[in-house]
Amino acid sequence: MASRLHGIPPTIFAEMSALAVRTGAVNLGQGFPDEDGPAGVLAAAVAALHGGANQYAPGPGVPALRRAVAAHQQRHYGLELDPDTQVVITTGCTEAVAAALLGLVEPGDEVVLLEPYYDSYLAMLQVAGGVRRPVTLRSPDFRLDPDELRAAVTPRTRFVLLNSPHNPTGSVLTRAELEAIAAVAIEHDLTVITDEVYEHLVFDGSEHVPIATLPGMAERTLTLSSVGKSYSLTGWKVGWATGPAHLVGAVMAAKTWLTYTSGAPLQPAVAVALDEHPDWPRALRDSLQERRDLLVPALVAAGLPTTVPQGTYFATSDVSGLGWDDGLAFCLALPERAGVVAIPAQVFHDDPHGPGRHLVRWAFCKRPEVLEDAIGRLAAADLRA
Ligand code: GLN
């Protein structure tokens, strides 16, 4: 394996899903729903398959989907985008992240990012030769400390890589936190790359604010998202990058050599999702909030203090009260102890012995009966170290 991939462990999500299959445990690890997205959208994909949409799509994506993404940004956030120059369709947001980092980051550029961070950020930053400067969201509140953010910026910093709603903590950056980030970005002339795949999954009436909507930010922000989380179509791997043409153009330049174009028959179906099923994510959000409110109290009752997430479909618990100092050890023991799989959050931190060592993430995007099953198993188990 080439040195540019040295030290990057295999993704924890595959490892823990394999563990769930091997042990027959309830998989609350990898975040994927166990129900399909809207039937009309599935039907549109079938129609596209039978209707001849089986050869290469245009490089930047099929025009109907680029228009639908632009219309989505307009409808929800008032952002005006030219679908021809300011939208590119990617193979999931993961490819958008990869293409953004490969297309924009020079070797040695410093990138400020929120820790815990999604694992692909780390891998692609390393491949791009970028240097990460983590700013930690600390348990139990997972708020951003603007002073820590300022302290992370050096003369070599060129980017801020954001993720809100935030995986794994479930924290949603407030307008005040985003304003603090925007002030730093403008003062130091930084470009913001923001992964907003959980944009529609925010709870308790709170609001997701895209940083691109703040004054002075549209021209320096590349916004990434996808259909996967909003429409329970994670396996479709259709995502997008939007923003100023020079940033989208850099994503497009890298994307051309990664995948050339993304899956042709799924793209018109995703346009149908965005254009014709605009309320579907809201219903998903409401049902996820109910499922959150089922799982979180049960985790607390099992002896695991758990932060109530404001968004995403993940909740994070502290396992130290049960005598565990190491979330990975807890997660490796859990299938045998309780027949449940979770994700250790320490793997999303630079220092595995640092602030995330005792944190564990649970996915609640499962049918209520599956969550009830997991809750029963956790309640019956001896979870002490
Ligand atoms: N986004 C999913 C999660 O956080 C995992 C996707 C993946 O397996 N890479 O659980």
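Placed above this text is the structure.
Caption draft 1: Seen up close, the packing of helix α10 (residues 280–301) against helix α12 (residues 368–380). Closest axis-to-axis distance for the α10/α12 pair is 10 Å, and the angle between their directions is 0°. Between α10 and α12, the angle is such that the two are roughly parallel. Touching Arg-291, Leu-294, Leu-295, Ala-298 and Leu-299 of α10 are Pro-368, Leu-371, Glu-372, Ile-375 and Leu-378, all from α12. When the residues that make up the contact of α10 with α12 are grouped by side-chain class, the tally is 8 nonpolar, no polar and 2 charged.

Caption draft 2: Highlighting helix α11 (residues 327–338). Within the span of α11, buried status applies to Gly-327, Phe-330, Cys-331, Ala-333, Leu-334, Pro-335 and Ala-338. Residues of α11 that are buried sit in contact with α1 (12–23), β11 (340–341), β12 (343–344), β13 (359–363) and α12. Measuring from the side-chain oxygen of the N-cap residue of α11 to the backbone nitrogen of Leu-328 gives 2.8 Å; that N-cap residue is Asp-326. Looking one or two residues beyond α11, the residue adopting positive phi is Gly-339, at roughly 70°.

Caption draft 3: Looking closely at the nonpolar core. Formed by 100 residues in total, the largest nonpolar core has its most connected members in Leu-222 and Trp-362. Of the residues forming this core, the biggest block, 7 residues, is contributed by helix α4 (residues 92–104). Once you skip the residues sitting within four places of it in the chain, Leu-222 turns out to touch Ala-100, Leu-104, Val-192, Ile-193, Thr-194, Ala-241, Thr-242, Leu-247, Val-248 and Val-251. Ranked by size, the runner-up nonpolar core spans 25 residues in total, among them Ala-44, Leu-65, Trp-236 and Val-270.

Caption draft 4: Structural context of the pattern of salt bridges. In total, this model carries 19 salt bridges according to the counting rule given. Here Arg-150 and Glu-187 are joined by a salt bridge, their closest N and O atoms 3.2 Å apart. Remark: Glu-187 occurs in helix α7 (residues 175–187) and Arg-150 occurs in helix α6 (residues 146–152); sequence separation between them is 37 residues. Here Glu-187 falls in the exposed class, since its relative accessible area comes to 54%. A salt bridge links Arg-384 to Asp-382, with the nearest nitrogen and oxygen atoms 3.1 Å apart. Arg-384 sits in the exposed class, given a relative accessible area of 54%. The network of salt bridges with shared partners includes Asp-34, Arg-367 and Glu-369.

Caption draft 5: Spatial organisation of the site of the ligand. In the vicinity of the ligand, the contacting residues are Phe-13, Gln-30, Gly-31, Tyr-118, Asn-167, Tyr-198, Lys-229, Phe-314 and Arg-361. Within the side chain of Gln-30, a nitrogen or oxygen atom sits 2.6 Å from an oxygen atom of the ligand. Protein burial of the ligand: of its 300 Å² of free accessible surface, 81% is covered by the chains.

Calculation rules
- Residues numbered from 1 in each chain as written.
- Predicted model: local features only at pLDDT ≥ 70, side-chain atom pairs only at ≥ 80, totals over all residues.
- Heavy atoms only, no water.
- Axes fitted to C-alpha atoms, helices over the stretch in contact; angles between N-to-C directions.
- Helix = DSSP H or I, 4+ residues; strand = E, 2+ residues; numbered from the N terminus.
- Parallel < 35°, antiparallel > 145°, perpendicular 65-115°, else oblique.
- Contact = heavy atoms within 4.5 Å.
- Nonpolar A, V, L, I, M, F, W, Y, C, P; charged D, E, K, R; others polar.
- Buried < 20%, exposed > 50% of the residue type's maximum accessible area, 1.4 Å probe, protein only.
- Polar contact = N/O pair within 3.5 Å; in protein donor to acceptor, adjacent residues only side chain to side chain.
- Core = buried A, V, L, I, M, F, W, Y, C linked by side-chain atoms within 4.5 Å.
- Salt bridge = Lys/Arg side-chain N within 4 Å of Asp/Glu carboxyl O.
- Near = heavy atom within 4 Å.
- Areas by Shrake-Rupley, 256 points an atom, 1.4 Å probe, with all protein chains shown as cover.

Limitation: the analysis is restricted to geometry and does not speak to function.
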